[in-house]
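Residue-level listing of the chains:
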Amino acid sequence: MTTPSRRRLPALALSLLLAACGGGTEPQGGTQAAAPTSAAADEAIEHEADEAVATDTSTASAAAASADAMVSAHPGVPSVGTAFEARGPFTVSVRRGPEHTYYYPTAGATGVRHPVVLWGNGTGTSPSTYDGLLRHWASHGFIVAAANTTNPGSGAEMLRGLDQLVAFDTTAGDAFFGRVDTTRVAASGHSQGAYGAVAATADARVTTAVPIEGGGLARGARASVLFLAGGADNIVPAANVRRAYQAIGAAPAVYAELKSATHFTAINTAGGFRGPATAWLRWALAADVNAAPTFVGSNCGLCGSADWVFERNGAFQTANPGAGAPATPVPPVTPPTPLPPVDPAPTNPPAVPGGLPSVGTAFGARGAYAVSVVRAAEHTYYHPSAMGANGLRHPVILWGNGTGTTPSAYDALLRHWASHGFIVAAANTSNAGSGAEMLRGLDQLTALNATAGSPFQGKVDLSRVGASGHSQGGFGAVAAARDPRVRTAAPLQGGAYSVGSTASILFFAGQNDTIVSPTLVRSAYSRASRARAAYAELQGATHFEGTYNGGNFRAAATAWMRWQLADDAQAKALFTGATCGLCTAPTWVFERNAQFQSAWPR
């Protein structure tokens, strides 16, 4: 049995053994972070530690990886058994440059090199949209070079990330000095980035690719390819990905269709795609024998899964004919309940009139509270870890997801609001357009607020409730605002089929949104004649601006909620008066209707 790269295992094992023993002329380097020298001057950096990975690294996982390390032939990628969807043993750091964002193991053994994954984003998105997945791969021992561009379809921007890593690897004093295995390189990406990943295989340095919900002109692919498709994807349908797989020609290829996946399954942590994609990279780049049975043999892990449609072409079968080890089933991805706090401890700054700590005008920055997350069957609750100080009751934000997504696709935004002191009740449904599911979250919080022993008992301000959501969830937010308990709404790139609310509503639109166009959102704003309504259109924003951390909508949406639900006067200044913050910002088109102007003339 061979790995799916161009090289057969004996040559791979020999080169890795030499690397592990310090053979050859590879430079030795430390693991500390340092700024690059002139060899890579165009990648000036911002360095940040990965809180989520650093605070939740499993000691048991690390011990198991150490005991079973030889199962993975690559010294930079310790074994994880078959737990491919779980976090790996490494803590993770992130290095942000103008062209690329690098996710990498914070510390590794001296002289050990790590394989590389090049990443391409979907149209209009950035690495932050896929932050959970890229951190996951780095926790398994890979160095991920994510192109910052929103249009990586040619693959050229992804390959420039490899060029930069080559320079860093040979620059004394750089954090990557002597740590990059430039002989083990994969390309991956989502949507347009998946097309770029296939295109990048034209470069002989790229040995394998994992395009997620994208295909491209795969006939020229020079490396092995795992095509991942979503059975419920209506943007890049599974049929399009299958055609790319069928057209690949002589390269070894696999087609894996996750039947339930929409086009947004790949956002943030990549959902059900994460385990197989990680297994493929571990097999292709690290000769992990535990990963191979996911794909190889008549009873392979994906072969026997009712959740997947799985095919392998003739070139793959010829290269990998054996049954290998016993089949490796793809384990379910089930997050812990509740999650531990991952944000800074409270700093207790002065409170605004509504009782929340002031943040000045830093609405886009993390707030003063540490955050906890509780996952229930119908809703996910993001809340300050320490609620109720000095009798404070916390305002509520009801959240609705975009079509086919879950709260995890917006995890950073929802955590952000909780860090500012809000309790966020996010409906788990992927069809939140009616607003009913969101309102059930308010019903649940009402019950929990009155339940002895509940962490929310006496800590929920049910008189200060807002609704927000993205795309279909934005429609749901406006619908929810018809309930008299909801005093305000801030739909992100969603409108309303009818607007009957008298609440205040801030309609957010993206200039380059081709899914829920600014025209549609403006129409909803125009029909909101009974509401105190405003319209804010962000220049340059696509439909994916509102995902994960809320992008450039985050600060304005936070300010709106702080004003409407906590009487924050500094937040109010962003929206009221002739010289308001959004009025004068060159990146925004901002309008207010007559009802708004009458209620807040200045």
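Residues numbered from 1 in each chain as written. Predicted model: local features only at pLDDT ≥ 70, side-chain atom pairs only at ≥ 80, totals over all residues. Heavy atoms only, no water.

1. Observations regarding the overall build of the chain
- Looking only at helices and strands, one finds 17 helices and 19 strands in the chain.
- Across the 602 residues of the chain, 58% fall into the buried class.
- Restricting to contacts in the chain with at least 6 residues of sequence separation, those with at least 24 account for 70%.
- Carbon together with sulfur atoms contributes 55% to the accessible area of the chain, which is approximately 21,100 Å² in total. (Helix = DSSP H or I, 4+ residues; strand = E, 2+ residues; numbered from the N terminus. Buried < 20%, exposed > 50% of the residue type's maximum accessible area, 1.4 Å probe, protein only. Contact = heavy atoms within 4.5 Å. Areas by Shrake-Rupley, 256 points an atom, 1.4 Å probe, with all protein chains shown as cover.)

2. Side note on the packing of aromatic side chains
- Summed over the entire model, instances satisfying the criterion amount to 31 aromatic pairs.
- Taking the centre distance of 6.4 Å and the plane angle of 70° together, the rings of Phe 507 and Tyr 525 count as edge-to-face. On the criterion of sequence distance, the pair formed by Phe 507 in strand β17 (residues 504-510) and Tyr 525 in helix α13 (residues 518-527) is long-range, its members being 18 residues apart.
- Residue classification places Phe 507 among the buried residues on the basis of a relative accessible area of 0%.
- Under the relative-accessibility criterion, Tyr 525 is labelled buried at 8%. (Phe/Tyr/Trp six-rings, centres within 6.5 Å; stacked < 30°, edge-to-face > 60°.)

3. A few points about the nonpolar core
- In this structure, Trp 137, Phe 295, Phe 508 and Phe 575 are the most contacted members of the largest nonpolar core, which totals 94 residues.
- Residues in contact with Phe 295, not counting those within four places in the same chain, are Leu 226, Pro 276, Ala 279, Trp 280, Trp 283, Cys 300, Leu 302, Phe 310, Arg 312 and Phe 316. (Core = buried A, V, L, I, M, F, W, Y, C linked by side-chain atoms within 4.5 Å.)

4. What to know about the packing of helix α10 (residues 411-419) against helix α14 (residues 554-566)
- Relative orientation of the contacting elements α10 and α14 amounts to 35°, with a least axis distance of 11 Å. The interaxial crossing formed by α10 with α14 has right-handed handedness. On α14, the residues that touch Leu 413, His 416 and Trp 417 of α10 are Arg 554, Ala 557 and Thr 558.
- Among the residues making up the contact of α10 with α14, the classes are represented as 3 nonpolar, 2 polar and 1 charged. (Axes fitted to C-alpha atoms, helices over the stretch in contact; angles between N-to-C directions. Left-handed = near helix turned anticlockwise from the far one by under 90°. Nonpolar A, V, L, I, M, F, W, Y, C, P; charged D, E, K, R; others polar.)

5. Topic: the pattern of salt bridges
- Scanning all chains against the criterion turns up 18 salt bridges.
- Taking the shortest distance from any N to any O, the salt bridge between Glu 257 and Arg 242 comes out at 3.8 Å. In this pair, Glu 257 sits in strand β9 (residues 253-258) while Arg 242 sits in helix α7 (residues 238-246), placing the two residues 15 residues apart along the sequence.
- Judged by its relative accessible area of 13%, Glu 257 falls in the buried class.
- Using a relative accessible area of 22% as the deciding quantity, one classes Arg 242 as partly exposed.
- For Arg 242, the salt bridge identified is with Glu 311, shortest N-O distance 2.1 Å. On the criterion of sequence distance, the pair formed by Arg 242 in helix α7 and Glu 311 in strand β10 (residues 308-312) is long-range, its members being 69 residues apart.
- What makes Glu 311 partly exposed here is its relative accessible area of 26%.
- Among the charged side chains, a salt-bridge network with shared partners connects Asp 163, Asp 203 and Arg 205. (Salt bridge = Lys/Arg side-chain N within 4 Å of Asp/Glu carboxyl O.)

6. Description of the sheet that holds strand β12 (residues 379-384)
- What the 9 strands build is an open sheet, ordered β11-β12-β14-β13-β15-β16-β17-β18-β19; its pairing is mixed. Lying at the two open borders of the sheet, with one neighbouring strand each, are β11 (371-375) and β19 (588-592). On average, each strand axis in the sheet is tilted by 15° relative to the strand beside it, whichever way the strands run.
- Sheet contacts for α10: β11, β12, β13 (394-400), β14 (423-427), β15 (460-470) and β16 (488-492); angle to β12, the most-contacted strand, approximately 40°. (Pairing = 2+ DSSP bridges.)

7. Here we look at helix α5 (residues 156-169)
- Helix length check: α5 (14 residues) gives 20 Å between terminal C-alpha atoms against 20 Å at 1.5 Å per residue, within 8%.
- Counting buried residues along α5, 10 of its 14 residues qualify, which places the element largely inside the surrounding structure.
- Within the sequence span of α5, burial applies to Glu 157, Met 158, Leu 159, Gly 161, Leu 162, Gln 164, Leu 165, Ala 167, Phe 168 and Asp 169.
- Contact partners of the buried residues in α5: β2 (92-96), β3 (100-105), β4 (114-120), β5 (143-147), β6 (180-190) and α6 (192-200). (Expected span 1.5 Å × (residues − 1).)

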